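# Summary of the model geometry
Okay, here's what each chain looks like letter by letter:
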Amino acid sequence: MIIFDDSLWPLLKLRFVGAHTSEQFEQYLLRLEAYVRQPGPCMVLLDLNAASVPLEQCRQQAEWMHANQALLREKVLGLAFVSSSTRSRLSLNVILHLKPVPVAHTLVADTRAAAEWAADRFSDAGLLLPSVRIRQDFGLRPSGSFPSLSWAPAPR
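Below: a short report on this structure. (Residues numbered from 1 in each chain as written. Predicted model: local features only at pLDDT ≥ 70, side-chain atom pairs only at ≥ 80, totals over all residues. Heavy atoms only, no water.)

## So, helix α1 (residues 22-36)
In this model α1 runs 21 Å from its N-terminal to its C-terminal C-alpha over 15 residues, within 8% of the 21 Å that 1.5 Å per residue would give. Within the span of α1, buried status applies to Phe25, Tyr28, Leu29, Leu32, Glu33, Tyr35 and Val36. Burial along α1 is one-sided: seen end-on, the buried residues are contained in an arc of 160 degrees. Of the exposed residues in α1, those oriented more than 90 degrees away from the buried face are Glu23 and Leu30. Considering only its buried residues, α1 is in contact with β1 (2-8), β2 (11-18), β3 (42-51), α2 (55-67), α3 (69-75) and β4 (76-82). (Helix = DSSP H or I, 4+ residues; strand = E, 2+ residues; numbered from the N terminus. Expected span 1.5 Å × (residues − 1). Buried < 20%, exposed > 50% of the residue type's maximum accessible area, 1.4 Å probe, protein only. Arc of directions from axis to C-beta. Contact = heavy atoms within 4.5 Å.)

Here it is in structure tokens:
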């Protein structure tokens, strides 16, 4: 199963849980493309902690990224890959080295680190509101100064 969470749009959080069929993976790629084509820039956080992605689907993802690299460069500020498994991060790092993604990316152990990276990327791009919303949602400290925007941790 692949869970789409756009509650912090333009940050799209994707969570891969267990195995999924080729058809489900194709539907994921179509839905992902629809999100990326929406107006304005976005970022994608891919939580792979509970994933079981076969090599064939990794290949499909790489092919999709290659076929859509112009779109990705234009619309995606970055990709944050999350995996708490050192082995999985190492494997993904090798894959990303062999098949580089066309946008900025990071590979981290937890979603909090990914969210902080995403918030910084939005801030660097001058998109302060998404940065503040992400920081509030994840209970992160503010970065730099945000004139006319107040910050308070999100209630839990």
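## Describing the layout of surface pockets
Considered as a void within the structure, the largest pocket measures approximately 700 Å³ in volume. As for the largest pocket, its lining consists of 31 residues, and the residues nearest its centre are Cys58, Gln61, Phe81, Leu92 and Ile95. Elements supplying a minimum of two residues to the lining of the largest pocket: α1, β3, α2 and α4 (86-98). At nine residues, the largest contribution of residues to the lining of the largest pocket is made by α2. A breakdown of the residues in the lining of the largest pocket according to their chemical character gives 19 nonpolar, eight polar and four charged. (1 Å grid on protein atoms, 1.4 Å probe; cavity = no way out; pocket = protein on both sides within 12 Å on 5 of 7 lines; lining within 4 Å. Points joined across faces, edges and corners; volume = space filled by probe spheres on them. Nonpolar A, V, L, I, M, F, W, Y, C, P; charged D, E, K, R; others polar.)

## With respect to the pairing of β2
Regular strands place side chains that alternate from one sheet face to the opposite one. Bridging between β1 and β2 involves five bridges; their strand directions are antiparallel. When the sheet's bridge partners are listed, Phe4 is paired in β2 with Leu14. Where β1 hands over to β2, the hairpin turn is made up of two residues, counted between the paired strands. One ladder, built from seven bridges, connects β2 with β3; its direction is parallel. Looking at β3, one finds that Leu14 is bridged to Leu46. (Pairing = 2+ DSSP bridges.)

## Structural notes on the environment of Arg112
Take Arg112: it is sitting in helix α5 (residues 111-124). Excluding residues that lie within four positions of it along the chain, Arg112 makes contacts with Phe138, Gly139 and Leu140.

## Re α5
With 14 residues, α5 extends 20 Å between its outermost C-alpha atoms, agreeing within 8% with the 20 Å of an ideal straight helix rising 1.5 Å per residue. Three or more residues of α5 are buried, namely Ala114, Ala115, Ala118, Ala119 and Phe122. The arc that holds every buried residue of α5, seen down its axis, measures 135 degrees, which confines them to one face. Against β2, β3, β4, β5 (105-108) and α6 (128-138) lie the buried residues of α5. A side-chain oxygen of the first residue of α5 lies 3.1 Å from the backbone nitrogen of Arg112; this N-cap is Asp110. Count one or two residues on from α5 and you reach Gly126, which has phi positive near 80 degrees. (Polar contact = N/O pair within 3.5 Å; in protein donor to acceptor, adjacent residues only side chain to side chain.)

## With respect to the packing of aromatic side chains
For any pair of aromatic rings, the description rests on two quantities: the centre-to-centre distance and the angle between the ring planes. Within this structure, the stated rule accounts for five aromatic pairs. Centre to centre, the rings of Phe4 and Tyr35 are 5.7 Å apart; their planes meet at 15 degrees, and the pair counts as stacked. Placement of the pair is Phe4 in strand β1 and Tyr35 in helix α1, with a sequence separation of 31 residues. The pair formed by Phe4 and Tyr35 is uniform in burial state, with each residue classed as buried. Geometrically, the ring pair formed by Trp9 and Tyr35 is tilted, given 5.5 Å between the ring centres and 45 degrees between the ring planes. Here the residue Trp9 occupies a position in the loop between β1 and β2, and Tyr35 occupies one in helix α1, the gap between them amounting to 26 residues. (Phe/Tyr/Trp six-rings, centres within 6.5 Å; stacked < 30°, edge-to-face > 60°.)

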